[in-house]
2 protein chains.
Amino acid sequence: MRLLLATRNGGKLAELRRLLEAAVPGVEVVGLGDVEDYPEAPESGATFAENALLKAREAARYTGLPAVADDSGLTVDSLNGMPGVLSARWSGRHGDDDANTALLLGQIADVPDERRGAAFVCAAALVTPDGSEHVLEREWRGRVIREKRGTNGFGYDPVFVPEGLEVTSAELAPEEKDARSHRGQAFVALVPVIADVLGARQS
Amino acid sequence: MRLLLATRNGGKLAELRRLLEAAVPGVEVVGLGDVEDYPEAPESGATFAENALLKAREAARYTGLPAVADDSGLTVDSLNGMPGVLSARWSGRHGDDDANTALLLGQIADVPDERRGAAFVCAAALVTPDGSEHVLEREWRGRVIREKRGTNGFGYDPVFVPEGLEVTSAELAPEEKDARSHRGQAFVALVPVIADVLGARQS
(Lines give C-alpha, C1' and ligand atoms only; values in the text may rest on other atoms or scores of the structure.)
Protein backbone atom coordinates (compact mmCIF):
# COMPACT_ATOMS: atom_id res chain seq x y z
CA MET A 1 0.00 0.00 0.00
CA ARG A 2 1.44 3.35 -1.04
CA LEU A 3 0.68 6.68 0.60
CA LEU A 4 1.61 10.07 -0.81
CA LEU A 5 2.89 12.83 1.45
CA ALA A 6 2.29 16.06 -0.47
CA THR A 7 5.65 17.66 0.25
CA ARG A 8 9.10 18.00 -1.27
CA ASN A 9 10.60 18.39 2.21
CA GLY A 10 12.85 15.42 2.94
CA GLY A 11 12.68 16.01 6.70
CA LYS A 12 8.88 15.82 6.83
CA LEU A 13 8.97 12.71 4.63
CA ALA A 14 11.45 10.91 6.87
CA GLU A 15 9.48 11.80 9.99
CA LEU A 16 6.12 10.57 8.66
CA ARG A 17 7.83 7.40 7.39
CA ARG A 18 9.22 6.66 10.87
CA LEU A 19 5.85 7.26 12.50
CA LEU A 20 3.84 5.28 9.96
CA GLU A 21 6.14 2.28 9.63
CA ALA A 22 5.62 1.59 13.33
CA ALA A 23 1.82 1.83 13.02
CA VAL A 24 0.95 0.47 9.57
CA PRO A 25 2.91 -2.60 8.45
CA GLY A 26 3.71 -2.61 4.75
CA VAL A 27 2.98 1.05 4.04
CA GLU A 28 5.28 2.85 1.60
CA VAL A 29 5.40 6.65 1.96
CA VAL A 30 6.32 8.56 -1.20
CA GLY A 31 6.84 12.28 -1.62
CA LEU A 32 6.13 14.74 -4.42
CA GLY A 33 9.74 14.31 -5.55
CA ASP A 34 8.63 10.87 -6.80
CA VAL A 35 5.71 12.27 -8.84
CA GLU A 36 6.44 13.54 -12.35
CA ASP A 37 5.28 17.02 -13.42
CA TYR A 38 3.32 17.63 -10.24
CA PRO A 39 1.46 20.95 -10.62
CA GLU A 40 2.02 23.41 -7.76
CA ALA A 41 -1.30 24.87 -6.60
CA PRO A 42 -1.54 28.21 -4.76
CA GLU A 43 -2.42 28.03 -1.06
CA SER A 44 -5.62 30.02 -1.32
CA GLY A 45 -7.56 28.80 1.73
CA ALA A 46 -8.59 31.02 4.62
CA THR A 47 -7.60 28.47 7.29
CA PHE A 48 -4.83 25.95 7.89
CA ALA A 49 -7.37 23.11 7.67
CA GLU A 50 -8.71 24.37 4.37
CA ASN A 51 -5.19 24.62 2.90
CA ALA A 52 -4.19 21.16 4.13
CA LEU A 53 -7.36 19.67 2.60
CA LEU A 54 -6.84 21.54 -0.69
CA LYS A 55 -3.29 20.17 -0.95
CA ALA A 56 -4.25 16.61 -0.01
CA ARG A 57 -7.27 16.62 -2.36
CA GLU A 58 -5.18 17.82 -5.27
CA ALA A 59 -2.47 15.26 -4.55
CA ALA A 60 -4.97 12.38 -4.28
CA ARG A 61 -6.70 13.48 -7.49
CA TYR A 62 -3.44 13.79 -9.42
CA THR A 63 -1.81 10.55 -8.27
CA GLY A 64 -4.71 8.24 -7.46
CA LEU A 65 -3.06 7.52 -4.09
CA PRO A 66 -4.28 8.26 -0.56
CA ALA A 67 -2.58 11.58 0.19
CA VAL A 68 -1.48 13.37 3.34
CA ALA A 69 -0.75 17.11 3.41
CA ASP A 70 -0.13 19.68 6.09
CA ASP A 71 -0.30 23.43 6.42
CA SER A 72 1.11 25.39 9.28
CA GLY A 73 2.03 28.82 10.50
CA LEU A 74 2.41 31.14 13.45
CA THR A 75 -0.64 32.77 15.03
CA VAL A 76 0.26 35.82 17.13
CA ASP A 77 -2.29 36.88 19.77
CA SER A 78 -1.64 40.62 19.46
CA LEU A 79 -2.10 40.35 15.67
CA ASN A 80 -5.49 38.62 16.06
CA GLY A 81 -3.98 35.31 14.99
CA MET A 82 -2.03 36.59 12.03
CA PRO A 83 0.34 35.97 10.17
CA GLY A 84 -1.57 32.63 10.24
CA VAL A 85 -2.03 31.17 6.77
CA LEU A 86 0.08 34.04 5.42
CA SER A 87 3.09 33.14 7.58
CA ALA A 88 5.37 32.20 4.67
CA ARG A 89 4.56 35.37 2.72
CA TRP A 90 3.92 37.87 5.51
CA SER A 91 6.40 40.39 4.11
CA GLY A 92 4.96 39.95 0.62
CA ARG A 93 8.06 37.92 -0.33
CA HIS A 94 7.21 34.20 -0.29
CA GLY A 95 9.59 32.12 1.76
CA ASP A 96 11.84 35.00 2.83
CA ASP A 97 12.23 33.98 6.49
CA ASP A 98 14.46 36.93 7.39
CA ALA A 99 12.10 39.52 5.91
CA ASN A 100 9.02 37.86 7.43
CA THR A 101 10.56 37.62 10.89
CA ALA A 102 11.95 41.19 10.81
CA LEU A 103 8.52 42.51 9.82
CA LEU A 104 6.76 40.61 12.61
CA LEU A 105 9.24 41.87 15.23
CA GLY A 106 8.79 45.44 13.95
CA GLN A 107 5.01 45.24 14.01
CA ILE A 108 4.84 44.07 17.62
CA ALA A 109 7.85 46.08 18.85
CA ASP A 110 5.61 48.14 21.20
CA VAL A 111 3.61 45.13 22.43
CA PRO A 112 4.53 44.50 26.09
CA ASP A 113 5.84 41.13 27.29
CA GLU A 114 2.54 40.04 28.82
CA ARG A 115 0.76 40.33 25.46
CA ARG A 116 3.33 38.51 23.27
CA GLY A 117 1.62 35.10 23.34
CA ALA A 118 1.55 33.07 20.14
CA ALA A 119 1.10 29.55 18.83
CA PHE A 120 2.48 27.52 15.99
CA VAL A 121 -0.47 25.71 14.43
CA CYS A 122 -0.44 22.73 12.07
CA ALA A 123 -3.35 21.17 10.22
CA ALA A 124 -2.77 17.69 8.80
CA ALA A 125 -5.18 16.17 6.29
CA LEU A 126 -5.72 12.76 4.72
CA VAL A 127 -7.74 12.44 1.52
CA THR A 128 -8.31 9.18 -0.31
CA PRO A 129 -9.02 8.88 -4.05
CA ASP A 130 -12.54 7.63 -3.26
CA GLY A 131 -13.25 10.94 -1.49
CA SER A 132 -12.90 10.22 2.22
CA GLU A 133 -11.49 13.28 3.99
CA HIS A 134 -9.96 13.75 7.43
CA VAL A 135 -8.33 16.82 8.90
CA LEU A 136 -7.10 17.69 12.38
CA GLU A 137 -5.18 20.54 13.98
CA ARG A 138 -2.60 20.78 16.75
CA GLU A 139 -1.03 23.86 18.28
CA TRP A 140 2.19 24.62 20.16
CA ARG A 141 1.78 27.57 22.53
CA GLY A 142 4.56 29.98 23.40
CA ARG A 143 5.57 33.60 23.02
CA VAL A 144 7.42 35.82 20.57
CA ILE A 145 10.67 37.29 21.89
CA ARG A 146 12.31 40.49 20.64
CA GLU A 147 15.46 39.18 18.90
CA LYS A 148 16.35 36.05 16.98
CA ARG A 149 18.10 33.20 18.79
CA GLY A 150 19.23 29.88 17.36
CA THR A 151 19.88 28.52 13.89
CA ASN A 152 17.88 25.29 13.68
CA GLY A 153 14.44 25.03 12.16
CA PHE A 154 13.10 27.65 9.77
CA GLY A 155 10.48 30.39 9.53
CA TYR A 156 9.72 32.05 12.87
CA ASP A 157 11.54 29.41 14.96
CA PRO A 158 14.30 31.85 16.06
CA VAL A 159 11.80 34.19 17.78
CA PHE A 160 9.43 31.58 19.27
CA VAL A 161 9.94 30.36 22.85
CA PRO A 162 7.58 27.43 23.57
CA GLU A 163 5.70 27.29 26.87
CA GLY A 164 7.72 25.56 29.55
CA LEU A 165 11.03 26.25 27.82
CA GLU A 166 13.57 29.06 27.99
CA VAL A 167 15.05 28.40 24.53
CA THR A 168 13.59 29.17 21.11
CA SER A 169 12.41 26.39 18.83
CA ALA A 170 15.46 27.26 16.69
CA GLU A 171 17.65 26.33 19.67
CA LEU A 172 16.08 22.87 20.00
CA ALA A 173 17.68 19.86 18.34
CA PRO A 174 15.53 18.72 15.38
CA GLU A 175 14.39 15.55 17.21
CA GLU A 176 13.43 17.58 20.28
CA LYS A 177 11.45 19.97 18.12
CA ASP A 178 9.70 17.13 16.26
CA ALA A 179 8.66 15.52 19.54
CA ARG A 180 7.02 18.70 20.86
CA SER A 181 6.03 20.72 17.84
CA HIS A 182 2.64 21.45 16.29
CA ARG A 183 3.62 19.45 13.21
CA GLY A 184 4.98 16.53 15.20
CA GLN A 185 1.79 16.41 17.28
CA ALA A 186 -0.48 16.71 14.24
CA PHE A 187 1.31 13.86 12.43
CA VAL A 188 1.26 11.69 15.56
CA ALA A 189 -2.50 12.29 15.85
CA LEU A 190 -3.09 11.57 12.16
CA VAL A 191 -1.23 8.21 12.16
CA PRO A 192 -4.08 6.16 13.73
CA VAL A 193 -6.51 7.78 11.27
CA ILE A 194 -4.23 6.77 8.39
CA ALA A 195 -3.89 3.27 9.82
CA ASP A 196 -7.69 2.94 10.06
CA VAL A 197 -8.33 4.24 6.55
CA LEU A 198 -5.56 2.22 4.88
CA GLY A 199 -6.49 -0.86 6.93
CA ALA A 200 -10.11 -0.60 5.78
CA ARG A 201 -8.99 -0.30 2.15
CA GLN A 202 -6.68 -3.33 2.45
CA SER A 203 -9.24 -5.62 4.05
CA MET B 1 -15.56 76.83 28.05
CA ARG B 2 -12.45 75.42 26.41
CA LEU B 3 -12.14 71.89 25.04
CA LEU B 4 -8.87 70.26 23.98
CA LEU B 5 -8.72 68.09 20.86
CA ALA B 6 -5.64 65.90 21.33
CA THR B 7 -4.27 66.27 17.81
CA ARG B 8 -1.82 68.39 15.86
CA ASN B 9 -3.83 67.79 12.69
CA GLY B 10 -5.35 71.08 11.51
CA GLY B 11 -7.96 69.34 9.41
CA LYS B 12 -9.36 67.34 12.33
CA LEU B 13 -9.35 70.48 14.47
CA ALA B 14 -11.29 72.53 11.92
CA GLU B 15 -13.82 69.73 11.46
CA LEU B 16 -14.53 69.29 15.16
CA ARG B 17 -14.73 73.07 15.56
CA ARG B 18 -17.40 73.28 12.84
CA LEU B 19 -19.41 70.44 14.37
CA LEU B 20 -19.16 71.70 17.95
CA GLU B 21 -19.82 75.37 17.31
CA ALA B 22 -23.21 74.45 15.94
CA ALA B 23 -24.05 72.27 18.96
CA VAL B 24 -22.38 73.93 21.94
CA PRO B 25 -22.59 77.74 22.04
CA GLY B 26 -19.46 79.36 23.44
CA VAL B 27 -17.16 76.38 23.20
CA GLU B 28 -13.55 77.03 22.15
CA VAL B 29 -11.71 74.06 20.64
CA VAL B 30 -7.93 74.12 21.03
CA GLY B 31 -5.39 71.65 19.65
CA LEU B 32 -2.09 70.28 20.92
CA GLY B 33 -0.31 72.95 18.88
CA ASP B 34 -1.59 75.41 21.53
CA VAL B 35 -0.15 73.39 24.44
CA GLU B 36 3.50 73.94 25.36
CA ASP B 37 5.87 70.97 25.73
CA TYR B 38 3.12 68.40 25.34
CA PRO B 39 4.65 64.93 25.91
CA GLU B 40 3.92 62.44 23.14
CA ALA B 41 2.80 59.12 24.61
CA PRO B 42 3.12 55.81 22.71
CA GLU B 43 -0.12 54.26 21.44
CA SER B 44 0.17 51.07 23.41
CA GLY B 45 -3.47 49.95 23.64
CA ALA B 46 -4.82 46.76 22.15
CA THR B 47 -7.98 48.40 20.75
CA PHE B 48 -8.95 51.68 19.10
CA ALA B 49 -11.14 52.56 22.10
CA GLU B 50 -8.32 51.89 24.53
CA ASN B 51 -5.92 54.10 22.53
CA ALA B 52 -8.46 56.93 22.20
CA LEU B 53 -9.08 56.82 25.95
CA LEU B 54 -5.35 56.73 26.75
CA LYS B 55 -4.79 59.81 24.58
CA ALA B 56 -7.78 61.73 25.97
CA ARG B 57 -6.89 60.83 29.57
CA GLU B 58 -3.31 62.00 29.15
CA ALA B 59 -4.43 65.24 27.48
CA ALA B 60 -7.00 66.00 30.21
CA ARG B 61 -4.47 65.23 32.94
CA TYR B 62 -1.78 67.39 31.34
CA THR B 63 -3.93 70.42 30.52
CA GLY B 64 -6.73 70.33 33.08
CA LEU B 65 -9.22 70.71 30.21
CA PRO B 66 -11.93 68.33 29.00
CA ALA B 67 -10.16 66.47 26.19
CA VAL B 68 -11.28 64.67 23.04
CA ALA B 69 -9.03 62.17 21.25
CA ASP B 70 -9.51 59.66 18.47
CA ASP B 71 -7.75 56.57 17.21
CA SER B 72 -8.47 54.90 13.94
CA GLY B 73 -7.23 52.38 11.43
CA LEU B 74 -8.13 49.85 8.78
CA THR B 75 -9.43 46.41 9.76
CA VAL B 76 -9.10 43.87 6.94
CA ASP B 77 -11.37 40.81 7.13
CA SER B 78 -8.87 38.39 5.58
CA LEU B 79 -6.23 39.56 8.09
CA ASN B 80 -8.55 38.91 11.08
CA GLY B 81 -9.08 42.63 11.55
CA MET B 82 -5.43 43.67 11.24
CA PRO B 83 -3.59 46.05 10.62
CA GLY B 84 -6.09 47.56 13.13
CA VAL B 85 -4.33 49.55 15.85
CA LEU B 86 -1.04 48.92 14.04
CA SER B 87 -2.27 50.57 10.81
CA ALA B 88 0.20 53.49 10.93
CA ARG B 89 3.21 51.23 11.59
CA TRP B 90 2.20 48.05 9.77
CA SER B 91 5.44 47.90 7.79
CA GLY B 92 7.45 48.58 10.95
CA ARG B 93 8.05 52.15 9.74
CA HIS B 94 5.70 54.52 11.55
CA GLY B 95 3.73 56.81 9.28
CA ASP B 96 5.19 55.46 6.02
CA ASP B 97 1.92 55.30 4.06
CA ASP B 98 3.53 53.95 0.89
CA ALA B 99 5.36 51.12 2.68
CA ASN B 100 2.30 50.23 4.77
CA THR B 101 -0.02 50.15 1.77
CA ALA B 102 2.43 48.19 -0.41
CA LEU B 103 2.85 45.61 2.35
CA LEU B 104 -0.92 45.21 2.81
CA LEU B 105 -1.46 44.75 -0.94
CA GLY B 106 1.34 42.16 -1.04
CA GLN B 107 -0.02 40.21 1.92
CA ILE B 108 -3.51 39.87 0.45
CA ALA B 109 -2.42 39.58 -3.19
CA ASP B 110 -3.81 36.02 -3.40
CA VAL B 111 -7.05 36.83 -1.56
CA PRO B 112 -9.94 36.64 -4.05
CA ASP B 113 -12.30 39.57 -4.63
CA GLU B 114 -15.12 38.10 -2.55
CA ARG B 115 -12.92 37.98 0.56
CA ARG B 116 -11.43 41.51 0.35
CA GLY B 117 -13.89 43.17 2.74
CA ALA B 118 -12.52 45.74 5.19
CA ALA B 119 -13.59 48.63 7.39
CA PHE B 120 -12.06 51.88 8.52
CA VAL B 121 -12.78 52.15 12.24
CA CYS B 122 -12.57 55.23 14.46
CA ALA B 123 -12.90 55.42 18.22
CA ALA B 124 -13.53 58.88 19.68
CA ALA B 125 -13.17 59.54 23.40
CA LEU B 126 -14.01 62.37 25.76
CA VAL B 127 -12.34 62.54 29.17
CA THR B 128 -12.89 65.35 31.69
CA PRO B 129 -10.38 66.39 34.36
CA ASP B 130 -12.78 65.16 37.05
CA GLY B 131 -12.58 61.66 35.57
CA SER B 132 -15.73 61.20 33.52
CA GLU B 133 -14.96 59.04 30.46
CA HIS B 134 -16.90 58.43 27.26
CA VAL B 135 -15.84 56.47 24.20
CA LEU B 136 -17.67 55.35 21.08
CA GLU B 137 -16.76 53.70 17.80
CA ARG B 138 -17.95 54.04 14.22
CA GLU B 139 -16.95 52.03 11.16
CA TRP B 140 -16.96 52.60 7.41
CA ARG B 141 -17.31 49.34 5.49
CA GLY B 142 -15.78 48.73 2.09
CA ARG B 143 -13.19 46.60 0.33
CA VAL B 144 -9.50 46.70 -0.48
CA ILE B 145 -8.70 46.92 -4.19
CA ARG B 146 -5.44 45.76 -5.81
CA GLU B 147 -3.82 49.04 -6.88
CA LYS B 148 -3.77 52.57 -5.52
CA ARG B 149 -6.18 55.15 -6.94
CA GLY B 150 -6.53 58.80 -5.94
CA THR B 151 -4.37 61.31 -4.13
CA ASN B 152 -6.62 62.78 -1.41
CA GLY B 153 -6.67 61.58 2.15
CA PHE B 154 -3.81 59.58 3.65
CA GLY B 155 -2.94 56.11 4.91
CA TYR B 156 -4.87 53.35 3.15
CA ASP B 157 -7.35 55.71 1.46
CA PRO B 158 -6.00 54.99 -2.06
CA VAL B 159 -6.85 51.25 -1.82
CA PHE B 160 -10.19 51.48 0.05
CA VAL B 161 -13.46 51.56 -1.89
CA PRO B 162 -16.37 52.30 0.48
CA GLU B 163 -19.59 50.30 0.18
CA GLY B 164 -21.99 51.88 -2.28
CA LEU B 165 -19.22 53.74 -4.13
CA GLU B 166 -17.00 52.92 -7.09
CA VAL B 167 -14.21 55.34 -6.15
CA THR B 168 -11.61 55.04 -3.40
CA SER B 169 -11.73 57.27 -0.35
CA ALA B 170 -8.63 58.98 -1.82
CA GLU B 171 -10.76 59.92 -4.83
CA LEU B 172 -13.42 61.63 -2.69
CA ALA B 173 -13.27 65.36 -2.05
CA PRO B 174 -12.29 66.02 1.59
CA GLU B 175 -15.82 67.24 2.49
CA GLU B 176 -17.37 64.16 0.90
CA LYS B 177 -15.01 61.93 2.85
CA ASP B 178 -15.69 63.75 6.15
CA ALA B 179 -19.43 63.38 5.67
CA ARG B 180 -19.22 59.61 5.20
CA SER B 181 -16.09 58.47 6.97
CA HIS B 182 -15.57 56.54 10.18
CA ARG B 183 -13.95 59.62 11.76
CA GLY B 184 -16.67 61.98 10.59
CA GLN B 185 -19.36 59.64 11.94
CA ALA B 186 -17.56 59.15 15.25
CA PHE B 187 -17.16 62.90 15.76
CA VAL B 188 -20.79 63.54 14.82
CA ALA B 189 -21.87 60.92 17.37
CA LEU B 190 -19.60 62.35 20.06
CA VAL B 191 -20.85 65.93 19.71
CA PRO B 192 -24.07 65.47 21.72
CA VAL B 193 -22.06 63.68 24.41
CA ILE B 194 -19.66 66.61 24.56
CA ALA B 195 -22.59 69.05 24.65
CA ASP B 196 -24.14 67.14 27.57
CA VAL B 197 -20.92 66.92 29.55
CA LEU B 198 -19.85 70.53 28.97
CA GLY B 199 -23.41 71.75 29.59
CA ALA B 200 -23.52 69.92 32.91
CA ARG B 201 -20.20 71.46 33.92
CA GLN B 202 -21.37 74.94 32.97
CA SER B 203 -24.67 74.77 34.83
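Everything numeric in this text was worked out from a predicted model, so none of it was measured.

Conventions and cut-offs
Residues numbered from 1 in each chain as written. Chains lettered and ligands numbered in written order. Predicted model: local features only at pLDDT ≥ 70, side-chain atom pairs only at ≥ 80, totals over all residues. Heavy atoms only, no water. Core = buried A, V, L, I, M, F, W, Y, C linked by side-chain atoms within 4.5 Å. Buried < 20%, exposed > 50% of the residue type's maximum accessible area, 1.4 Å probe, protein only. Contact = heavy atoms within 4.5 Å. Pairing = 2+ DSSP bridges. Helix = DSSP H or I, 4+ residues; strand = E, 2+ residues; numbered from the N terminus. Axes fitted to C-alpha atoms, helices over the stretch in contact; angles between N-to-C directions. Expected span 1.5 Å × (residues − 1). Arc of directions from axis to C-beta. UniProt positions renumbered as here; feature names shortened; annotations may be inferred. Polar contact = N/O pair within 3.5 Å; in protein donor to acceptor, adjacent residues only side chain to side chain.

1. Some remarks on the nonpolar core
- Judged by nonpolar contacts, the single largest core of 86 residues is most densely connected at Leu-74, Leu-79 and Val-144 of chain A together with Leu-74, Leu-79, Trp-90 and Val-144 of chain B.
- Each residue touching Trp-90 of chain B, except ones within four places of it in the same chain, is listed here: Leu-79, Trp-90, Leu-103 and Gln-107 of chain A together with Leu-79, Met-82, Pro-83, Asn-100, Leu-103, Leu-104, Gln-107 and Tyr-156 of chain B.

2. Quick word on the sheet that holds strand β3 (residues 67-76) of chain B
Residues and elements named next belong to chain B.
- With mixed pairing, six strands are arranged side by side in an open sheet as β2-β1-β3-β4-β5-β6. Every interior strand has two partners, whereas the edge strands, β2 (28-31) and β6 (160-162), have only one. For this sheet, the mean angle separating the axes of adjacent strands, direction not counted, is 35°.
- Direction of pairing for strand β4 (residues 117-127) relative to strand β5 (residues 133-144): antiparallel, over a ladder of eleven bridges.

3. Brief notes about helix α1 (residues 10-23) of chain B
Residues and elements named next belong to chain B.
- For α1, with 14 residues, the first-to-last C-alpha span of 20 Å sits near the 20 Å given by 1.5 Å per residue.
- Regarding α1, the residues found buried are Lys-12, Leu-13, Glu-15, Leu-16 and Leu-20. Buried residues of α1, seen end-on, are gathered within an arc of 165° and therefore sit on one face of the element. Exposed side chains of α1 directed beyond 90 degrees from the buried face belong to Arg-18, Glu-21 and Ala-22.

4. Quick word on the UniProt feature "active site" (unreviewed entry) in chain A
Residues and elements named next belong to chain A.
- Under the local residue numbering, the UniProt record ascribes the feature "active site" (unreviewed entry) to Asp-71.
- Mapped onto the elements of the fold, Asp-71 is located in strand β3 (residues 67-76).
- In this view, Asp-71 contacts Glu-43, Phe-48, Asn-51, Ala-52, Lys-55, Val-85, Val-121, Cys-122 and Ala-123; residues no more than four positions away in its chain are not counted.
- Within the local environment of Asp-71, its side chain forms a polar contact with the side chain of Asn-51, the two groups lying 3.1 Å apart.

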